[in-house]
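The residues making up each chain are set out below.
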Amino acid sequence: MRFLKVAAIAFAMLLFSFQIAVDNARAVNVDEVYRTVTLNSEGETVVITNKQLDNGRKIFNDTCSQCHMAGRTKTNPNITLKSEDLEGAFPSRYNVLALVDFINDPKTYDGEESIDVLHPSMSRLDLWSEMRKYNQDDLYNLAGYILVQPNLKGEQWGGGKTIN
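In this text, all values refer to a predicted model and were calculated from it rather than measured experimentally. (Residues numbered from 1 in each chain as written. Predicted model: local features only at pLDDT ≥ 70, side-chain atom pairs only at ≥ 80, totals over all residues. Heavy atoms only, no water.)

Draft legend 1. Here's a closer look at the layout of surface pockets. Taken as a whole, the largest pocket holds about 750 Å³ of empty space. Lining the largest pocket are 32 residues; nearest its centre among them are His68, Thr73, Phe102, Ile115 and His119. Within the residue set of the lining of the largest pocket, elements represented by two or more residues are α3 (50-64), α4 (83-88), α5 (96-104) and α6 (136-153). The biggest single contributor to the lining of the largest pocket is α3, with 4 residues. (1 Å grid on protein atoms, 1.4 Å probe; cavity = no way out; pocket = protein on both sides within 12 Å on 5 of 7 lines; lining within 4 Å. Points joined across faces, edges and corners; volume = space filled by probe spheres on them. Helix = DSSP H or I, 4+ residues; strand = E, 2+ residues; numbered from the N terminus.)

Shown next as structure tokens:
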């Protein structure tokens, strides 16, 4: 009986050790040069950590990729998550804080009207219940993830039907 207990504990420890090794192997490890993005409208930059990038990836895949697969916009293919499209919005959304503002309270591309009933946001948690699990740090990580993608994927990010 004692042997079975020791064997079960040894097996559990082995399994636990394997899980730690597998989790570390899946960790994101992107060079700092690719993780440096614009922080605010004044042009200051910030380096998104690998942990923030991984958190942003998970949020994007769980919530945003339904409409923004690979940076495209299913509901309006003319406006993508490409750098130039984010920069062309008014106000520009080509920085971390502006994207966080947008996710908190989304506006049309020209910035004139609220679209919080059409786009997931923190301002309408009654409509977008999936957003309830996120906090402002999560939105920061998500914005960082979105801004890093053009550095990693180039034209494939938001590339439309011509890019596979």
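Draft legend 2. Representation of the nonpolar core in the model. Ranked by size, the top nonpolar core spans 29 residues in total, and within it Phe60, Val96 and Ile146 carry the most contacts. For this core, the elements supplying multiple residues, two or more each, are α3, α5 and α6. Residue contributions to this core peak at 7 residues, all from α6. Excluding anything up to four places from it in sequence, Phe60 contacts Ser65, His68, Gly71, Leu81, Leu142, Tyr145, Ile146 and Trp157. (Core = buried A, V, L, I, M, F, W, Y, C linked by side-chain atoms within 4.5 Å. Buried < 20%, exposed > 50% of the residue type's maximum accessible area, 1.4 Å probe, protein only. Contact = heavy atoms within 4.5 Å.)

Draft legend 3. Structural view of the side chain of Lys82. Looking at the element boundaries, Lys82 is found in the loop between α3 and α4. With residues near it in sequence (within four places) discarded, Lys82 still touches Glu155, Trp157, Gly158 and Gly159.

Draft legend 4. Structural detail: the packing of α3 against α6. Contact geometry of α3 with α6 gives a least axis separation of 7 Å together with a crossing angle of 90 degrees. Classified by the interaxial angle, the pair formed by α3 and α6 is roughly perpendicular. In this structure, α3 contributes Gln52, Leu53, Asn55, Gly56, Arg57, Ile59, Phe60 and Cys64 to the contact, and α6 contributes Asp138, Tyr140, Asn141, Leu142, Tyr145, Ile146, Val148 and Gln149. For the contact of α3 with α6, a count of residues per class yields 9 nonpolar, 5 polar and 2 charged. (Axes fitted to C-alpha atoms, helices over the stretch in contact; angles between N-to-C directions. Parallel < 35°, antiparallel > 145°, perpendicular 65-115°, else oblique. Nonpolar A, V, L, I, M, F, W, Y, C, P; charged D, E, K, R; others polar.)

Draft legend 5. Up close: α5. When you tally the buried positions in α5, you get 7 out of 9 residues, the bulk of the element. Val96, Ala98, Leu99, Val100, Phe102, Ile103 and Asn104 are the residues of α5 that are buried. Residues of α5 that are buried in the fold lie against β1 (36-38), β2 (45-47), α4 and α6. A distance of 3.2 Å separates the backbone nitrogen of Leu97 from a side-chain oxygen at the start of α5, and that oxygen is part of Asn95. (Polar contact = N/O pair within 3.5 Å; in protein donor to acceptor, adjacent residues only side chain to side chain.)

Draft legend 6. The arrangement of the environment of Arg35 in detail. Checked against the element boundaries, Arg35 lands in helix α2 (residues 32-35). A relative accessible area of 10% means that Arg35 is categorised as buried. Considering only alpha carbons, one finds Arg35 and Leu147, 112 residues apart in sequence, at a separation of 8.5 Å.

Draft legend 7. Just the packing of α5 against α6, in detail. One can describe the packing of α5 onto α6 by two numbers: an axis separation of 9 Å at closest approach and a directional angle of 120 degrees. Accordingly, the angle class assigned to the pair α5 and α6 is oblique. Classified by chirality, the crossing of α6 by α5 is right-handed. Every residue of α6 that contacts α5 at Val96, Leu99, Val100, Ile103 and Asn104 is listed here: Gln136, Leu139, Tyr140, Leu142, Ala143, Gly144, Ile146 and Leu147. Per-class residue counts for the contact of α5 with α6 are 10 nonpolar, 3 polar and no charged. (Left-handed = near helix turned anticlockwise from the far one by under 90°.)

No statement about biological role is implied by the geometric values presented.
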